[in-house]
Amino acid sequence: MAKSDGCDYFKRTSLFWIVSVTFGMGYLACMVFVPERIPFQHLGPYGTFCRYLVDNYAGVLSKMWWAAWAVHVFEAWFALRMCSNKGITNTSARCMWCVQTFLFGFASLSLLLKFDPERPKQH
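Because the structure is predicted, anything quoted here is derived from the model rather than measured.

## As for the nonpolar core
The nonpolar side chains of soluble globular proteins are, as a tendency, buried together.
Alright, step 1. Membership of the largest hydrophobic core is limited to 12 residues, which are Tyr-27, Leu-28, Ala-29, Met-31, Val-32, Ile-38, Phe-40, Cys-50, Leu-53, Val-54, Leu-61 and Trp-65.
Alright, step 2. Secondary structure elements with two or more residues in this core: helix H1 (15-33), helix H2 (44-56) and helix H3 (58-85).
Alright, step 3. Ranked by residue count, the leading element in this core is H1, at 5 residues.
Alright, step 4. Residues within four places of Ile-38 in sequence aside, it is in contact with Tyr-27, Cys-30, Met-31 and Leu-43.

Put into structure tokens, the structure is as follows:
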């Protein structure tokens with residue numbers, strides 16, 4: 001098998017983070033935009049707490065949602081910068097890092113930050 005110089009490096013984030021971030025951002029979006037669709041009464045103490053937040057802090061929840069997306073946009077931009085710094089020049093690899101980091105945030109970015117193109121792999 002041919003060795004890669006790292007210019008096309010990409011690693012998918014774990015399924016745990018994909019599910020966790022998707023559920024968390026989706027639940028927050030539902031709390032902000034369609035709270036009437038969430039069955040708070042079936043979620044026990046967590047549902048009671050979330051209903052309290054929706055009723056009393058809707059503006060804060062909305063700001064949290066927008067801030068979370070703003071952070072994800074910044075992380076995606078930072079991932080593109082890190083691709084340049086680490087020598088990842090393949091366009092599709094850079095796009096995959098950008099999209100994955102936009103969707104899953106630091107769970108993806110941390111994988112890119114750990115990548116060291118100078119260090120040979122130990123087998």
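After that view of the structure, there is still more to cover.
## Brief notes about the packing of aromatic side chains
Alright, step 1. Summed over the entire model, instances satisfying the criterion amount to 13 aromatic pairs.
Alright, step 2. The rings of Phe-33, Trp-65, Trp-66, Trp-69 and Phe-102 are connected pair by pair, giving a single aromatic cluster.

## Things to note about H3
Alright, step 1. Counted at 1.5 Å a residue, the expected span for H3 with its 28 residues is 40 Å, and the 40 Å between its end C-alpha atoms agrees.
Alright, step 2. Gly-87 sits one or two positions beyond H3 and adopts a positive phi of about 80°.

## A closer look at the side chain of Thr-101
Alright, step 1. Assignment of secondary structure puts Thr-101 in helix H4 (residues 91-104).
Alright, step 2. Apart from residues no more than four positions distant in its own chain, Thr-101 is found in contact with His-72, Glu-75, Ala-76, Ala-79, Ser-108 and Leu-109.

## A few points about the pattern of salt bridges
Alright, step 1. One pass over the full model with this rule turns up 1 salt bridge.
Alright, step 2. Residue Arg-51 is joined to Asp-55 by a salt bridge in which the shortest nitrogen-to-oxygen separation is 3.0 Å. Linking Arg-51 with Asp-55, this pair stays in helix H2, spanning 4 residues, or about one helical turn.
Alright, step 3. You can call Arg-51 partly exposed: its relative accessible area is 33%.

What counts and what doesn't
- Residues numbered from 1 in each chain as written.
- Predicted model: local features only at pLDDT ≥ 70, side-chain atom pairs only at ≥ 80, totals over all residues.
- Heavy atoms only, no water.
- Core = buried A, V, L, I, M, F, W, Y, C linked by side-chain atoms within 4.5 Å.
- Buried < 20%, exposed > 50% of the residue type's maximum accessible area, 1.4 Å probe, protein only.
- Helix = DSSP H or I, 4+ residues; strand = E, 2+ residues; numbered from the N terminus.
- Contact = heavy atoms within 4.5 Å.
- Phe/Tyr/Trp six-rings, centres within 6.5 Å; stacked < 30°, edge-to-face > 60°.
- Expected span 1.5 Å × (residues − 1).
- Salt bridge = Lys/Arg side-chain N within 4 Å of Asp/Glu carboxyl O.

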